[in-house]
Amino acid sequence: MSDQPDFNSGETAAAQAAARLLVIGMCETGGMPLAEMLRAERRAIAVVTTGRQAISRLLTTCVDLILSSTHLPDMSAAQLFEQIRDIETARETPALLCAAARELADAELCPQ
């Protein structure tokens, strides 16, 4: 699968009007099945594996929703979203952070 976004890649007008989503770093944690499911629902999906790739895409492409793993190979999710805040066209974009169960075991979710 290409890292290139497939927004407006010959899809119908209805598909082009659908939500444009950027899926970041979720190939190992279910992102590919998720992307395929969303494509089946006629969503425009771009899949990237690193935070740097995500920033590069967001500098040139507007999206409606960002879905990101909390575990990225090149930066933390906090670092990624600090950089996203610096991109005028992306700073107000809703984002969902997704963690695999094995990642949650290392996180302190609430104080004791």
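Residues numbered from 1 in each chain as written. Predicted model: local features only at pLDDT ≥ 70, side-chain atom pairs only at ≥ 80, totals over all residues. Heavy atoms only, no water.

With respect to the overall build of the protein chain
Okay, step 1: In terms of regular secondary structure, the protein chain is built from five helices and four strands.
Okay, step 2: When the helices and strands of the protein chain are placed in sequence order, the string is α-β-α-β-α-β-α-β-α.
Okay, step 3: For the protein chain, contacts bridging at least 24 residues in sequence account for 72% of all contacts bridging at least 6.
Okay, step 4: Carbon and sulfur atoms provide 53% of the accessible area of the protein chain, an area that totals close to 6700 Å². (Helix = DSSP H or I, 4+ residues; strand = E, 2+ residues; numbered from the N terminus. Contact = heavy atoms within 4.5 Å. Areas by Shrake-Rupley, 256 points an atom, 1.4 Å probe, with all protein chains shown as cover.)

As for the pairing of strand β1 (residues 20-24)
Okay, step 1: Counting buried positions along β1 gives four out of five residues, so the element sits mostly inside the fold.
Okay, step 2: The pairing of β1 with strand β3 (residues 65-69) spans four bridges and is classified as parallel. Within β3, the residue paired with L22 across the bridge is I66. (Buried < 20%, exposed > 50% of the residue type's maximum accessible area, 1.4 Å probe, protein only. Pairing = 2+ DSSP bridges.)

Here's the deal with the pattern of salt bridges
Okay, step 1: In total, this model carries two salt bridges according to the counting rule given.
Okay, step 2: Here D64 and R20 are joined by a salt bridge, their closest N and O atoms 3.2 Å apart. Of this pair, D64 sits in the loop between α3 (51-60) and β3 while R20 sits in strand β1; the two residues are 44 residues apart in sequence, bridging distant segments of the chain.
Okay, step 3: Taking the relative accessible area as the measure of exposure, D64 reaches 33% and is therefore partly exposed.
Okay, step 4: A salt bridge links D74 to R52; the shortest N-O distance between them is 3.4 Å. (Salt bridge = Lys/Arg side-chain N within 4 Å of Asp/Glu carboxyl O.)

Some words on the environment of P94
Okay, step 1: Relative to the helices and strands, P94 is located in the loop between α4 (77-85) and β4 (95-98).
Okay, step 2: For P94, a relative accessible area of 46% translates into the label partly exposed.
Okay, step 3: C-alpha separation for the pair P94 and V63, spaced 31 residues apart in sequence, amounts to 9.3 Å.
Okay, step 4: Setting aside its immediate chain neighbours within four residues, P94 contacts D64, L65 and I66.

Quick word on the nonpolar core
Okay, step 1: L22, I24, A54, L58, I66, L80 and I84 are the most contacted members of the largest nonpolar core, which totals 16 residues.
Okay, step 2: Secondary structure elements with two or more residues in this core: β1, β2 (44-48), α3 and α4.
Okay, step 3: Leaving out residues up to four positions away in the same chain, I24 has contacts with V48, T50, A54, I66, L67, S68, S69, L72 and L80.
Okay, step 4: Counting residues in each nonpolar core, the second largest holds eight residues, with V23, M26, I45 and L67 among its members. (Core = buried A, V, L, I, M, F, W, Y, C linked by side-chain atoms within 4.5 Å.)

Some points on α3
Okay, step 1: All of the buried residues along α3 are G51, A54, I55, R57 and L58. Buried residues along α3 cover an arc of 165 degrees about the axis, so they all sit on one side. Exposed residues on α3 whose side chains face more than 90 degrees from its buried face are R52, L59 and T60.
Okay, step 2: Considering only its buried residues, α3 is in contact with β1, β2, β3 and α4. (Arc of directions from axis to C-beta.)

Here we look at the side chain of T93
Okay, step 1: Mapped onto the elements of the fold, T93 is located in the loop between α4 and β4.
Okay, step 2: Since its relative accessible area comes to 15%, T93 is described here as buried.

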